[in-house]
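# Coordinates in review
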Amino acid sequence: MRVLIVYAHPNPNSFNHALVEHCQQGLIAAGHEVKLKDLYAENFDPVLRAEHLAELQTGVIPAKIQHEQAALLWAEGLVFIYPLWWFGRPAILKGWFDHVLTRGVAFDYSQQGVTGLLKHRRAAVIITAGGSQDYFKGIDAETLIHRPMTDGTLSYCGIPQVDQFIYYNVPTMSDAERHAILAQVQQLGREFDA
Ligand SMILES: Cc1cc2nc3c(=O)[nH]c(=O)nc-3n(C[C@H](O)[C@H](O)[C@H](O)COP(=O)(O)O)c2cc1C
């Protein structure tokens, strides 16, 4: 399968970056063709300014965004890797969706409602968090975190299978725990199409 990894973390020495490397290794080992979109390294400008919104509303897609859409549409599978920031996606990733998931490319509206246009077979969303699993379960935060990426974005645009993996306590975990998660994510890459 052709798989695009979309990654949003500013630090190339971060745990998130190590997750990307391991996921990529697993995907390649399973024979997938992989491309990486490193939004910070590419200096993606996430702010949807008035002129961008006006362009979107007239159906004019700037060359820079067409390039992003070509990468998105090249893929048959998607992997998103990012840290949880204020219960949400880093702004650079949210802004990437704002610019790239345009009407007519990712979805369309009609009197009957919204139709998703993306043809990807599967998306995996890998998130790291500072909080503990008990804390998240206690306030039903997993649902809260899940919905913007599924109902609000990827399922909305037609992707039938969206799986979310949250790793907790990341800033305080031991090296052994980190290695175990990296191995899990490598395996996730290997079994992406299983
Ligand atoms: C701006 C910012 C906002 C954050 N918001 C949350 C949050 O809402 N919930 C949470 O559990 N952790 C939060 N964290 C902690 C990060 O999720 C955590 O440090 C990160 O996932 C660890 O991965 P890394 O070492 O690769 O950065 C936040 C961190 C930052 C910098």
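Above this text is the structure in question.
## Looking at a nonpolar patch on the surface
Together, Y109, V114 and Y156 line one region of the surface with nonpolar side chains, adding up to about 260 Å² of accessible area. Mapped onto the elements of the fold, Y156 is located in the loop between α6 (141-154) and β7 (162-167).

## Let's talk about the pattern of salt bridges
Across all of its chains, the model carries 9 salt bridges by this definition. Its salt-bridge partner being E76, residue R2 comes within 3.9 Å of it at the nearest N-O pair. Of this pair, R2 sits in strand β1 (residues 2-7) while E76 sits in the loop between α3 (63-74) and β3 (77-83); the two residues are 74 residues apart in sequence, bridging distant segments of the chain. On the basis of relative accessibility, which here comes to 24%, the residue E76 falls in the partly exposed class.

## Concerning the environment of P90
Tracing the backbone through its elements, the reader meets P90 in the loop between β3 and α4 (91-100). Between the C-alpha atoms of P90 and A8, which are 82 residues apart in sequence, the distance is 6.8 Å. The contacts of P90, once residues within four sequence positions are left out, are A8, Y82, P83 and W85.

## Here's the deal with the packing of aromatic side chains
Evaluation of the coordinates by the stated rule reveals 7 aromatic pairs. Feature note: the residues F87, Y135, F136 and Y168 constitute an aromatic cluster, connected by ring pairs. Just above the ring of F44 sits the side chain of K64; from NZ or CZ to the centre is 5.2 Å. Here R178 stacks its cationic end above the ring of F15, 5.2 Å away from the centre of that ring.

Rules used throughout
- Residue indices follow the written sequence of each chain, beginning from 1 at its first position.
- The model is predicted, so local features are restricted to residues of pLDDT at least 70 and side-chain atom pairs to those at 80 or more, both for listing and for counting; the totals for chains, interfaces and linings are taken over all residues.
- To get the side-chain values, all heavy atoms of the structure are used, and hydrogens and water are removed first.
- Patch membership requires more than 30% relative accessible area and the absence of a salt bridge. Residues of like charge join within 9 Å; the nonpolar side chains Val, Leu, Ile, Met, Phe, Trp and Tyr join within 5 Å.
- Computed with a 1.4 Å probe, the accessible areas rest on the Shrake-Rupley method; for each residue, only the protein chains presented here act as cover.
- Only one rule defines a salt bridge in this text: a Lys or Arg side-chain nitrogen within 4 Å of an Asp or Glu carboxyl oxygen.
- Elements are defined by DSSP. Helices are runs of H or I of four residues or more, strands are runs of E of two residues or more, and each kind is numbered from the N terminus.
- Only protein chains enter the accessibility calculation, which uses a 1.4 Å probe; a residue whose area is less than 20% of its type maximum is buried, one above 50% is exposed, and one in between is partly exposed.
- Here a residue-residue contact requires only that any non-hydrogen atoms of the pair lie within 4.5 Å.
- Pairing of aromatic side chains requires ring centres within 6.5 Å, counting the rings of Phe and Tyr and the six-membered ring of Trp. Pairs whose planes differ by under 30 degrees are stacked, by over 60 edge-to-face, and all others tilted.
- For a Lys NZ or an Arg CZ to count as sitting over a ring, it must be within 6 Å of the ring centre and within 35 degrees of the ring normal.

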